[in-house]
Amino acid sequence: MKWVFSYLKPLTGRITAGITVKIIGTVAELIIPFLLSYILENVIETNDIKQILFFGGLMAICAIIACLGNIIANRMAAKTTMTFATQMRKNLFLKTLNLSARSTDRFTIPSLESRITSDTYNVQNFIGMMQRMGIRAPILLLGGTIITMVMDRKLALVMIATLPLIFVVVYGISRMGVPLYSKVQQAVDGMVRVVREDAQGIRVIKALSKVDYENARYDKANLALKKSEAKAGIIMGVVNPVMTLLMNSGIVAVIAVSAYFVSTGKSSATTVIAFMQYFTLISMAMMSLSRMFVMYTKCAASAKRISTVMEEVSELKLCEDDGKGDTSAHISFENVSFSYLGKTDNLKNISFSLKKGETLGIIGATGSGKSTLLRLLMRFYDADSGVIRINGKDVRSYTSEELTAMFGVVFQNDFLYADSIEENIRFGRDITSEDIVKATKITQAHDFITSFSEGYEHKISAGGTNLSGGQRQRVLIARAIAGRPEILILDDSSSALDYKTDANLRQALATSLPDSTVITVAQRVSSVKNCDLILVIEDGEIIGCGKHDDLMQTCSEYKEISDSQMGGAFLD
């Protein structure tokens, strides 16, 4: 919870002003029963209308001050809480974007989503409640107790005797609540995971008639969440009934004792009336404190989950270059090995080099390690052994900004967001409309874009679902090349293109980006056949390396793939 105060510190002035207003309103509220007691005991007997009106007016003024004070303070608290929550979510989202790939894998995307949404909401609710009730309830509790002690110490002691029991119950149950609500949030992660997967694959689910199956899978996650919430709710739900029982027991005891005191002349009826009003205020304050304790348990659990993300330290440290690289090579891998889980190597002793402007093709079966090689090149992960260099420098010696500026990338499962085609290609970068048009002409996308009535302002739905697979891929490739990257990576990005469009695209890339080093990962031999260097990867190892003609002679696996796809013939 300590990190929360770092967000509240810049808002200290606003919070102090709100607290001041809240204190004034609450104190005014405390004065009302005292004035009522004074009127009943001292003013009414005089039959002095002026005094009655005067003290009645004071009560009305106190009531108005209490009302306005609470309204103004609550509005100020709402604004402060919104500012706090906005900055908290912004920083958490930014931190999430900057997490290393390994950290993201560990947290998982659904868990990060629930931390940005439901966890931040729990913290926001508690901060807002603290400003609204966290000031008012203690003042009513403490102020009411002090005033009742002054009015009648014996009756006050009867009432106060119940308070330690209440605190013990609330404290004991609240300590149990933090781990319970942690489990609830973990169950939320599981439900978000299912919803996210089904939302992304809704068309496949319908096509395969698996709606009932996915509904059952969601029910399972929803039931797990229900059980976690029920367990937490049952235990935390004990707080209010127990408090009500103890407070009512206190009221009964006070009434019994006060009745005895009045009958024996040791106290007056007017004192008892005022006393019961204060006891009601104190009861309300205690109930508010119990709700705050329940909210605190949710907040503490959520704050812990948020802090683990905010405090995550990237394992990708900036290192000094050893100066041993070959500066004539644009990209080089030197005996690189890597494992995701640290058990079995996903890549083993990968070595190759490319000169600037050359093209690299990578082909292999699904799961052979093709995409992993690219992730290491872009330093999403660090290699376990070996060195990866760009322009002769270790990739670990480049800052993140320097490294990412070199690349234009199209991944297998890349995304388009709900905006115009032009903005999807520009992607927030300083790229002119003319450069965007040039990029779409290279990727064979210009013609279908201009066929839309809105042209480049045509709105794409989230995920690009209103475009065909080939259209989506051409827009994504246009996004990658629009910034004239030094290194262009195409990770199985032409799988939805027909052979003729794919061939025209490769020819246009070779002509338009002569100085860019292009790396193509593909399942089709035709997509890599003209590359300067082709790597054939199997089980994380290079089993073939060379040009197409050489591999047809030296690599039986490559020849088998080629013959099975095209029967030995290629479309030029």
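Residues numbered from 1 in each chain as written. Predicted model: local features only at pLDDT ≥ 70, side-chain atom pairs only at ≥ 80, totals over all residues. Heavy atoms only, no water.

Side note on the confidence of the model for the chain
Under the convention used in this document: Every residue gets a pLDDT, meaning the predictor's confidence in that residue, from 0 to 100. Here a residue-residue contact requires only that any non-hydrogen atoms of the pair lie within 4.5 Å.
On average, residues of the chain score 84 in pLDDT, and 98% of them reach the 70 mark or higher. Below a pLDDT of 50 lies the segment residues 568-572, which in the model reaches 15 contacts outside its immediate sequence neighbourhood of four places, other chains included.

Quick word on the environment of Ala17
Our working rule: Helix and strand assignments follow DSSP, with helices taken as H or I runs no shorter than four residues and strands as E runs no shorter than two, numbered in order from the N terminus.
Checked against the element boundaries, Ala17 lands in helix 2 (residues 12-43). C-alpha separation for the pair Ala17 and Gln200, spaced 183 residues apart in sequence, amounts to 47 Å.

Some details on the environment of His458
Turning to its location among the elements, His458 is positioned in the loop between helix 17 (446-450) and strand 8 (459-460). Separated by 52 residues in sequence, His458 and Met406 have C-alpha atoms that sit 29 Å apart. Leaving out residues up to four positions away in the same chain, His458 has contacts with Asp419, Ser420, Ile421, Phe452 and Asn466.

Digging into the nonpolar core
Cut-off, in case you're wondering: Each nonpolar core is a collection of buried residues, namely Ala, Val, Leu, Ile, Met, Phe, Trp, Tyr and Cys, held together in the definition by side-chain atoms within 4.5 Å. Under the scheme applied here, a residue whose accessible area is under 20% of the maximum for its type counts as buried, over 50% as exposed, and between as partly exposed, the area being computed with a 1.4 Å probe on protein chains only.
Formed by 66 residues in total, the largest nonpolar core has its most connected members in Phe84, Val123, Ile166 and Met286. Considering each element in turn, this core owes the most residues, 17 residues, to helix 12 (residues 269-310). Apart from the residues within four sequence positions on either side, Met286 is in contact with Leu141, Leu163, Ile166, Phe167, Met243 and Met247. By size, the runner-up hydrophobic cluster in this structure holds 32 residues, among which are Phe338, Ile362, Met406 and Val521.

Re the packing of aromatic side chains
To be explicit about the condition: Each Phe, Tyr or Trp ring, with Trp reduced to its six-membered ring, pairs with another whose centre is within 6.5 Å; inter-plane angles below 30 degrees give stacked pairs, above 60 give edge-to-face pairs, and intermediate values give tilted ones. Note on geometry: a ring has a charge over it if NZ (lysine) or CZ (arginine) is within 6 Å of the ring centre and within 35 degrees of the ring normal.
Scanning the entire structure with this criterion turns up 12 aromatic pairs. For the ring pair Phe338 and Tyr340, a centre distance of 4.9 Å and an interplane angle of 80° mean the geometry is edge-to-face. Of the residues examined, Phe338 reaches a relative accessible area of 0% and is grouped as buried. Plain terms: the ring middles of Phe338 and Tyr381 are 5.4 Å apart, the flat faces sit at 50° to each other, and that makes the pair tilted. Taken together, the positions of Phe338 in strand 1 (residues 331-338) and Tyr381 in the loop between helix 13 (370-377) and strand 4 (385-390) put the pair 43 residues apart, joining distant regions of the chain. Among the residues examined, Tyr381 registers a relative accessible area of 6% and is labelled buried. One aromatic cluster is present, formed by Phe338, Tyr340 and Tyr381 through successive ring pairs. Geometry around Tyr213 places Lys210 over its ring, the cationic atom sitting 5.8 Å from the centre. Here the basic side chain of Arg479 rests over the ring of Phe427, its NZ or CZ set 4.3 Å away from the ring centre.

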